[in-house]
Amino acid sequence: MAVTTPPVVAGGLGRSWRRRSAGLLLSLLALTALMAISVTIGSRAVAAEDILSAFGGSTDGFGPAAVAKRIPRTLLAVIVGAALSVSGAVMQGVTRNPLADPGILGINTGASLAVVIGIAHFSLTSASSMIWVAILGAGTTAVLVYILGSLGRGGATPLKLALAGVATGAALTSFINAVVLSRADIGDSVRSWQVGGVGGGSYASLQQVAPFLLIGFAICVLHARGLNSLALGDDLAAGLGERVVITRALASLGAVILCGAATAVTGPIGFVGLVVPHACRLLIGVDHRWLFPFSAVTGAALLTAADILGRLVSRPSELDVGIVTALLGAPVFIAIVRRQRMASL
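The rules behind the values
Residue positions are counted from 1 within each chain, in the order its sequence is given. At least 70 in pLDDT is required for a residue's local features to be given in this predicted model, at least 80 for side-chain atom pairs to be given and counted, and no such filter applies to totals for whole chains, interfaces and linings, which use all residues. Here the side-chain values reflect all heavy atoms present in the structure, with hydrogen atoms and water set aside. UniProt positions are given in the numbering used here, feature names are shortened, and annotations may be inferred rather than shown by experiment. In DSSP terms, a helix is any run of H or I states spanning at least four residues, a strand is any run of E spanning at least two, and both are numbered starting from the N terminus. Classification of residues uses two cut-offs on accessible area relative to the type maximum, computed with a 1.4 Å probe and protein chains only: under 20% is buried, over 50% is exposed, and between them is partly exposed. Any two residues whose heavy atoms approach within 4.5 Å at even a single point are treated as in contact. Each accessible area is a Shrake-Rupley result for a 1.4 Å probe, and residues are judged covered by the shown protein chains and nothing else. To pair, rings of Phe, Tyr and Trp, with the six-membered ring standing in for Trp, must have centres within 6.5 Å; the planes then decide the type, stacked if under 30 degrees apart, edge-to-face if over 60, and tilted in the middle. Throughout, nonpolar core names a set of buried Ala, Val, Leu, Ile, Met, Phe, Trp, Tyr and Cys residues whose side chains join them through atoms within 4.5 Å. Note on definitions: salt bridges are taken to be side-chain nitrogens of Lys or Arg within 4 Å of carboxyl oxygens of Asp or Glu. Like-charged residues within 9 Å of one another, or nonpolar side chains (Val, Leu, Ile, Met, Phe, Trp, Tyr) within 5 Å, are grouped into patches, provided each residue has over 30% relative accessible area and no salt bridge.

The protein chain carries the name Iron ABC transporter permease in an unreviewed UniProt entry, which gives Candidatus Brachybacterium merdavium as its organism. Recorded in UniProt under Sequence similarities (unreviewed entry), the annotation for the protein chain is "Belongs to the binding-protein-dependent transport system permease family. FecCD subfamily." On record in UniProt, under Subcellular location (unreviewed entry), the comment for the protein chain is "Cell membrane".

If you want it as structure tokens, here you go:
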């Protein structure tokens with residue numbers, strides 16, 4: 001006998017799909033508006049005709065020249081915000097830890113240390129080389145943190161992973177300082193990069209980082225269904241036919257690529273990968289097939305908004321976006337920690 005879906009269930013699923021689609025569309029519209037604001041706002045505002053002139057290829061005068069610089073900066077904020085948010089969503093899904101985040105787990109710091117060592121001792125200068133090195137550093141740190149968090153009884157619990165990440169990040173930060181102090185000639189540039197910002201965005205850096213981010217996004221999206229199975233627990237996921245170890249490893253690889261590549265071009269930017277997936281999960285649920293696009297769009301909007309805010313609060317200079325996200329994300333992190341019922345996903 002044929003099995004039919006009950007009308008109430010079918011209608012509920014349809015309404016859920018429509019609500020999520022409408023929410024995603026509204027998020028895209030908000031991101032578009034923020035991108036337009038980012039292009040027009042800076043140390044000085046520009047007129048609409050300046051924007052049109054800049055898109056037409058003109059860089060004569062302050063307005064068109066300013067717009068020409070702000071366009072790649074805005075695009076960099078968009079793709080890095082999306083990358084860090086999806087990376088955080090994957091890490092939270094892989095570890096079933098709501099506190100998982102490239103910054104809290106020390107992965108950003110591992111990528112930073114690898115880049116600093118490459119600059120100081122191997123004379124790395126090209127962005128593509130730094131991206132490869134950053135991904136290697138991020139991956140090595142991710143493995144180290146997971147091993148440390150798995151020691152002892154109970155395996156890799158959310159609390160142990162968070163503590164291992166914080167401790168590892170603190171140790172790696174000390175190593176970064178030691179490398180920088182021994183090389184006064186690179187100290188200023190490295191310290192500026194470590195703050196995290198998108199002010200140095202250019203079309204060249206976008207072209208170099210885009211292939212890595214596309215690969216990272218593709219890997220994560222392809223394993224969205226697998227992460228849904230992992231959320232049920234390893235034993236049940238394996239019983240459903242999921243290759244638990246392979247799914248966890250490949251999804252983590254995608255997250256590491258996104259985090260490492262983003263860190264290489266902007267420096268370490270914290271809390272985006274923590275705040276955005278957590279907020280999106282509360283709004284649209286735990287289905288990673290929806291969580292990834294929502295996190296990408298929301299993360300892009302958050303980082304773009306943070307960059308705009310950094311330009312407004314300290315005119316005519318600016319506040320780096322890494323500082324703004326830290327100020328915004330720290331209270332959210334404290335709130336998540338205080339919610340004991342979110343000890344695991």
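(A) Spotlight on the overall build of the protein chain. Of regular secondary structure, the protein chain possesses 14 helices and 0 strands. Written out in order from the N terminus, the α and β elements of the protein chain read α-α-α-α-α-α-α-α-α-α-α-α-α-α. Put simply, the protein chain has 345 residues, and 48% of those count as buried. Pairs at least 24 residues apart make up 76% of the contacts formed inside the protein chain by residues separated by at least 6 positions. In the form shown here, the protein chain has an accessible surface area of approximately 16400 Å², with 69% of it arising from carbon and sulfur atoms.

(B) Structural context of the packing of aromatic side chains. By the definition in use, this model includes 3 aromatic pairs. With centroids separated by 6.4 Å and ring planes inclined at 80°, the aromatic side chains of Trp17 and Trp290 adopt a geometry described as edge-to-face. Of this pair, Trp17 sits in helix 1 (residues 7–40) while Trp290 is found in helix 13 (residues 288–313), placing the two residues 273 residues apart along the sequence. A ring pair is formed by Trp290 and Phe294, whose centres lie 6.4 Å apart and whose planes are at 50°; its orientation type is tilted. Taken together, the residues Trp290 and Phe294, both in helix 13 and 4 residues apart, mark about one turn of the helix. A single burial state applies to Trp290 and to Phe294, both of which are buried. Through a chain of ring-to-ring contacts, the aromatic side chains of Trp17, Trp290 and Phe294 assemble into a single cluster.

(C) Region of interest: the nonpolar core. Judged by nonpolar contacts, the single largest core of 77 residues is most densely connected at Val80, Val90, Ile131 and Phe292. Here Phe292 is in contact with Val86, Ala89, Val90, Cys220, Val221, Ala224 and Leu227, once residues within four sequence places are set aside. Counting residues in each nonpolar core, the second largest holds 5 residues, with Leu99, Ile104, Ala162 and Ile336 among its members.

(D) Quick look at the pattern of salt bridges. Evaluated as defined, the whole model comprises 4 salt bridges. Here Arg73 makes a salt bridge to Asp307, at a shortest N to O gap of 2.7 Å. Of this pair, Arg73 sits in helix 3 (residues 62–95) while Asp307 sits in helix 13, and the two are 234 residues apart along the sequence. Of the two residues, Arg73 and Asp307, neither departs from the other in class, the shared state being buried. When the shortest N-O distance is used, the salt bridge between Arg311 and Asp307 registers 2.9 Å. Here the residue Arg311 and the residue Asp307 both occupy positions in helix 13, the gap between them amounting to 4 residues, near one helical turn. Across the pair, Asp307 and Arg311 agree in class, each one buried. What you see here is one network of salt bridges that share partners, running through Arg73, Asp307, Arg311 and Glu318.

(E) Up close: the UniProt feature "transmembrane region" (unreviewed entry) in the protein chain. Residues annotated by UniProt as "transmembrane region" (unreviewed entry) correspond here to residues 71–91, 103–124, 130–149, 161–184, 204–224, 245–270, 290–309 and 321–338. Helix makes up 100% of residues 71–91 and strand makes up 0%, while its end C-alpha atoms are separated by 30 Å. Across residues 290–309, the secondary structure splits into 100% helix and 0% strand, with the terminal C-alpha atoms separated by 28 Å.

(F) Looking closely at a nonpolar patch on the surface. Nonpolar side chains collect at one region of the surface, where Val143, Leu144, Ile147, Leu148 and Leu151 lie side by side and expose about 440 Å² of accessible area between them. Assignment of secondary structure puts Leu148 in helix 5 (residues 127–150).

(G) Representation of the environment of Val272 within the structure. Looking at the element boundaries, Val272 is found in helix 12 (residues 272–284). Under the relative-accessibility criterion, Val272 is labelled buried at 1%. For the pair Val272 and Gly103, spaced 169 residues apart in sequence, the C-alpha to C-alpha distance is 8.8 Å. Those residues in contact with Val272 that lie beyond four places of it in its chain are Gly81, Leu84, Ser85, Asp101, Pro277, Leu303 and Thr325.

(H) A look at unusual backbone geometry. The phi angle at Ser123 is positive, at roughly 55°, despite the residue not being glycine. In this structure, Ser123 sits in the loop between helix 4 (107–122) and helix 5. Of note, Phe271 is a non-glycine position whose phi angle comes to about 75°, a positive value. For Phe271, the location among the structural elements is in the loop between helix 11 (244–266) and helix 12.

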